[in-house]
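Report on the structure
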Amino acid sequence: MSWRGSTTVSDRIFACLPYLLPVIEVFRFGSSLRAQFPPLKLLFSPLEPLNDIYDRVPYAGLIIFFALFFFVIRNEKISHFVRFNTMQAILLDIVIFLFGILIPVVGLVPAGDFAIQTLSTTIFLGIMAGVVYSIAQSLLGRYAEIPAISDAVYMQLPR
C-alpha cells in the first residue's frame, strides 16, 4: 500500500533496520535447525557478532524496544513508512517473547524435547519468513502486509 506517499531510498533502508531486533531475538530458537543444516550456520554467521553483543548487554532487548517505541513510533516527524515497519518489527518481537514463555510449559508434557524442538523450529522459520518478506517489501517501498500483525500495527500507529 503505497498510497500514503512515495518513499525515499533512506526511508526504505531505515524501515529495514528495526527488523534486526526480531532476527536477533529469534536466533536462539533456530539453534537446532542450524546444527542440522550447516549451510544455515554459514548463512547466519554474519549475525553472530551482533548476537554476542546483544547477549552481553543486560536488558538490551528491553532498551531497544523502548527506544524504538518512544523515539521512532511516537515521533510523527519520521515518515509513516518507517514507523509502520518499526511497529511491525516490535510486534514480531512480542510474538517471539510470548512463544518464549510457552516453550518451558511445552517441556512439561511427555515427549517435551521433541515438542520443544518442533515449536522452536516453527517459530524460527515463521519469524524469519515474516522478516525476509517485510524487508523485501520495504526495499521495494511497499507496506508489508502480514495477517493479524499488520492489522494490529494499523490500530496502534498514530496517523
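Keep in mind that what you see is a predicted model, and the values were worked out from it rather than measured. (Residues numbered from 1 in each chain as written. Predicted model: local features only at pLDDT ≥ 70, side-chain atom pairs only at ≥ 80, totals over all residues. Heavy atoms only, no water.)

1. Digging into the overall build of the protein
- Per the secondary structure count, the protein includes nine helices and zero strands.
- What you see in the protein, going N to C, is helices and strands ordered as α-α-α-α-α-α-α-α-α.
- For 159 residues, the compact-globule estimate of 2.2 N^0.38 gives 15 Å, and the C-alpha radius of gyration of the protein, at 17 Å, lies within 12% of that figure.
- Expressed along its principal axes, the backbone C-alpha trace of the protein runs to roughly 50 × 30 × 30 Å.
- Per-residue burial for the protein yields a buried fraction of 42% across its 159 residues.
- Restricting the contact set of the protein to residue pairs at least 6 apart, pairs at least 24 apart contribute 72%.
- Carbon and sulfur atoms form 72% of the exposed surface of the protein, whose accessible area is close to 9100 Å². (Helix = DSSP H or I, 4+ residues; strand = E, 2+ residues; numbered from the N terminus. Rg over C-alpha atoms; globule rule 2.2 N^0.38 Å. Buried < 20%, exposed > 50% of the residue type's maximum accessible area, 1.4 Å probe, protein only. Contact = heavy atoms within 4.5 Å. Areas by Shrake-Rupley, 256 points an atom, 1.4 Å probe, with all protein chains shown as cover.)

2. Some points on the packing of helix 6 (residues 60-73) against helix 7 (residues 80-106)
- The geometry of helix 6 relative to helix 7 is characterised by a closest axis approach of 10 Å and an angle of 155 degrees between their N-to-C directions. The pairing of helix 6 with helix 7 is recorded here as roughly antiparallel in orientation. Handedness of the helix 6/helix 7 crossing: left-handed. Here helix 6 contributes Phe65, Leu68, Phe69, Val72 and Ile73 to the contact with helix 7, which in turn contributes Val82, Arg83, Thr86, Met87, Ile90 and Ile94.
- Taken together, the residues of the contact of helix 6 with helix 7 break down into nine nonpolar, one polar and one charged. (Axes fitted to C-alpha atoms, helices over the stretch in contact; angles between N-to-C directions. Parallel < 35°, antiparallel > 145°, perpendicular 65-115°, else oblique. Left-handed = near helix turned anticlockwise from the far one by under 90°. Nonpolar A, V, L, I, M, F, W, Y, C, P; charged D, E, K, R; others polar.)

3. Thoughts on the layout of surface pockets
- Estimates place the volume of the largest pocket at around 150 Å³.
- Of all the secondary-structure elements, those providing two or more residues to the lining of the largest pocket are helix 2 (20-26), helix 5 (48-56) and helix 6.
- Of the residues assigned to the lining of the largest pocket, the class counts are ten nonpolar, no polar and no charged. (1 Å grid on protein atoms, 1.4 Å probe; cavity = no way out; pocket = protein on both sides within 12 Å on 5 of 7 lines; lining within 4 Å. Points joined across faces, edges and corners; volume = space filled by probe spheres on them.)

4. Digging into a nonpolar patch on the surface
- Taken together, Ile53, Val57, Tyr59, Leu62, Ile63, Phe66, Phe70 and Phe71 make up a surface patch of nonpolar side chains, about 890 Å² in accessible area.
- With five residues, the top contributor of residues to the nonpolar patch is helix 6. (Patch = residues over 30% accessible without salt bridge, like charges linked within 9 Å, V, L, I, M, F, W, Y side chains within 5 Å. Salt bridge = Lys/Arg side-chain N within 4 Å of Asp/Glu carboxyl O.)

5. What to know about the nonpolar core
- Grouped together as the largest cluster of nonpolar side chains are 40 residues, with contacts concentrated most on Val26, Phe29, Ile123, Phe124 and Ile127.
- At the level of elements, helix 2, helix 6, helix 7, helix 8 (112-139) and helix 9 (149-156) are the ones that each hand at least two residues to this core.
- Considering every element that reaches this core, the biggest residue donor is helix 7, with eleven residues. (Core = buried A, V, L, I, M, F, W, Y, C linked by side-chain atoms within 4.5 Å.)

6. With respect to helix 6
- In this model helix 6 runs 18 Å from its N-terminal to its C-terminal C-alpha over 14 residues, within 8% of the 20 Å that 1.5 Å per residue would give.
- Within helix 6, the full set of buried residues consists of Ala60, Gly61, Phe65, Leu68, Val72 and Ile73. The buried side chains of helix 6 occupy one side of the element, clustering within an arc of 135 degrees when seen end-on. Turned more than 90 degrees away from the buried face of helix 6 sit Ile63 and Phe71, all of them exposed.
- Against the buried residues of helix 6 lie helix 2, helix 5 and helix 7. (Expected span 1.5 Å × (residues − 1). Arc of directions from axis to C-beta.)

7. Describing the packing of helix 7 against helix 9
- Direction vectors running N to C along helix 7 and helix 9 enclose 125 degrees, while the axes themselves pass 9 Å from each other. The angle between the axes of helix 7 and helix 9 places the two elements in the oblique class. Both helix 7 and helix 9 take part in a crossing whose hand is right-handed. For the pair formed by helix 7 and helix 9, the contact residues are Phe84, Met87, Gln88, Leu91, Leu92 and Val95 on the first element and Ile149, Ser150, Ala152, Val153, Tyr154 and Gln156 on the second.

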